[in-house]
Amino acid sequence: MKKYYAGAAFLALAIFSASGCTRSGGETQTESRYEELADEGEGYINVGFCQVGSESDWRVASTQSFRETFTTENGYYLLYEDAQNKQENQLKAVRSFILQEVDYIILDPVVETGWDGVLQEAKDAGIPVIVTDRKVVVEDESLYTCWVGSDFEQEGRKAGEWLEDYLADRGRGGEKLRLVTLQGTLGSSAQIGRTEGFSQILEQNDSWEMLEYQSGDFTQTKAQEVMEYYLDTYEDIDVAVCENDNMAFGAIDAIQEAGKTCGPDGEIIVISFDAVRAAFEAMLRGEINVAMECNPDQGPLVSDIIRRLEAGEEVEKIQYVKETYFDTSMDLESIMEGRTY
Ligand code: GYE
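Residues numbered from 1 in each chain as written. Predicted model: local features only at pLDDT ≥ 70, side-chain atom pairs only at ≥ 80, totals over all residues. Heavy atoms only, no water.

Asks: Is there a simple way to think about helix H6 (residues 152-169) in this case?
Replies: Three- or four-residue spacings in an α-helix give side chains the same orientation, since the helix completes a turn every 3.6 residues. The terminal C-alpha atoms of H6 lie 26 Å apart, and with 18 residues this matches the ideal 26 Å at 1.5 Å per residue to within 8%. Taken together, the buried positions of H6 are Phe152, Glu155, Gly156, Ala159, Gly160, Trp162, Leu163, Tyr166 and Leu167. Here the buried residues of H6 occupy an arc of 155 degrees about the axis, which is enough to place them on one side. Within H6, the exposed residues directed more than 90 degrees away from the buried face are Ala168 and Asp169. (Helix = DSSP H or I, 4+ residues; strand = E, 2+ residues; numbered from the N terminus. Expected span 1.5 Å × (residues − 1). Buried < 20%, exposed > 50% of the residue type's maximum accessible area, 1.4 Å probe, protein only. Arc of directions from axis to C-beta.)

Asks: Could you clarify how one ought to interpret the pairing of strand S2 (residues 76-82) in this entry?
Replies: The side chains of a regular strand alternate between both faces of the sheet. Examined bridge by bridge, strand S1 (residues 45-51) and S2 share seven bridges and lie parallel to one another. Across the sheet, Gly48 pairs through a bridge with Leu79, a residue of S2. One crossover worth recording links S1 to the parallel S2 by way of helix H3 (residues 57-69), and it is right-handed. (Pairing = 2+ DSSP bridges. Right-handed = clockwise from strand over helix to strand, strands pointing away.)

Asks: In this structure, what is going on with the nonpolar core? I would like to understand it.
Replies: As a rule of thumb, nonpolar side chains are buried together in soluble globular proteins. Leu182, Met227, Tyr230, Ile237, Cys242 and Ile288 are the most contacted members of the largest nonpolar core, which totals 39 residues. Counting only elements with at least two residues in this core, the list comes to H3, strand S6 (177-183), helix H8 (220-233), strand S8 (239-242), helix H9 (245-257), helix H10 (277-284) and helix H12 (332-337). Per element, the largest residue contribution to this core is seven residues, and it comes from H9. Every residue in contact with Met227, bar those within four places of it in the chain, is listed here: Val180, Leu182, Ile237, Ala240, Ala251, Ala254 and Ile255. Grouped together as the second largest cluster of nonpolar side chains are 23 residues, Cys50, Leu79, Phe97 and Val136 included. (Core = buried A, V, L, I, M, F, W, Y, C linked by side-chain atoms within 4.5 Å. Contact = heavy atoms within 4.5 Å.)

Asks: It is not clear to me how the environment of Asp108 should be interpreted in this structure. Could you clarify?
Replies: Along the chain, Asp108 turns up in the loop between strand S3 (104-107) and helix H5 (116-124). For Asp108, the contacting residues outside a window of four places in its chain are Phe49, Cys50, Gln51, Val52, Arg59, Gln90, Thr132, Asp133 and Arg134. Reaching out from Asp108, the side chain makes a polar contact with the side chain of Arg59 at a distance of 2.8 Å. Within polar-contact distance, the side chain of Asp108 engages the backbone nitrogen of Arg134 at 3.5 Å. (Polar contact = N/O pair within 3.5 Å; in protein donor to acceptor, adjacent residues only side chain to side chain.)

Asks: Can you help me understand the packing of H8 against H9 in this one?
Replies: Working note: a packed helix pair is described by the angle between its axes plus the distance between those axes. One can describe the packing of H8 onto H9 by two numbers: an axis separation of 7 Å at closest approach and a directional angle of 40 degrees. The orientation of H8 with respect to H9, classified from their angle, is oblique. Every pair of crossing elements has a handedness; the one defined by H8 and H9 is right-handed. Listed contacts from H9 to Gln220, Ala223, Gln224, Met227, Glu228 and Leu231 of H8 are Asn246, Met247, Phe249, Gly250, Ala251, Asp253, Ala254, Ile255 and Glu257. (Axes fitted to C-alpha atoms, helices over the stretch in contact; angles between N-to-C directions. Parallel < 35°, antiparallel > 145°, perpendicular 65-115°, else oblique. Left-handed = near helix turned anticlockwise from the far one by under 90°.)

Asks: Can you help me understand a negative patch on the surface in this one?
Replies: Together, Glu225, Glu228, Asp232 and Glu257 give the surface a local cluster of negative charge. Per-element accounting of the negative patch gives the leading share, three residues, to H8. Inspection of the secondary structure assignment puts Glu257 in helix H9. (Patch = residues over 30% accessible without salt bridge, like charges linked within 9 Å, V, L, I, M, F, W, Y side chains within 5 Å. Areas by Shrake-Rupley, 256 points an atom, 1.4 Å probe, with all protein chains shown as cover. Salt bridge = Lys/Arg side-chain N within 4 Å of Asp/Glu carboxyl O. Lys, Arg positive; Asp, Glu negative; His and termini not counted. Charge placed at Lys NZ, Arg CZ, Asp CG, Glu CD.)

Structure representation (structure tokens):
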């Protein structure tokens, strides 16, 4: 077990000063803070987890999964950083984890690129990095130990295939269709994969016209603005593809405020991703047509990887979580009962 070392405090201070986080009391206070961490973490597996932020219900469930898994009862001491959706905050957090000599770094990267430098630093320090949920794209794959998360491209493809089947079942196959997409944070794996997967099916349907793509940054507020703009700009919109549930909620607010309707009995088909509890409720209210499942409960999977690494075992480089989808033709109330998020 590595321990935090007091010398790191001075370097850490430099980082926090640069980020404007120096506390009153300066050097001495910062140094003692790390000495405290050194004591607290002793005897545990020290894990630094760098989370994306708290932009959505999915993210809240993800944070809960990691916090509930990486507890002292389970043998872990967790250092948690919320990056507030900014890669620069994540770079600082990873560097501070390195300085504190944690045993493992868990990274959920906001965007895919720009990680080579800091991951090389972690590798040089001998700290394994487990990437979770979103992916990193790096020149040298040995810069991280493994990745566990969702197959976003498949989610996007399945959403497109669901739409094909839905229309065919209603005798609307081949009908001219106007779609808009509310994309997630640009450059994030969830956005890239979902956009790409859906567009593969879009290309196979000549009668579908994608009017526009705009990012709602995975948030309800931003998505509502984007949908308001779409409704002002385009007279007829048949489908809103929302790359997460919270953006679907924002889109629904905009649709209803514009005096339009959505869902299975409405004018606009709403396709969503994540399938959090509030999305089930929206489906039960008849506002969302379908939610492609994305499982945020990845803490236990990462813990299992760490346990295997601790035992000197090999781990698979890429591990996908199992997922399905839910739509209003299903018995949603009973499905909801067995779900934790
Ligand atoms: O879909 C969205 C969140 O990366 C899968 O991030 C995650 C996405 C999720 O903000 O709700």
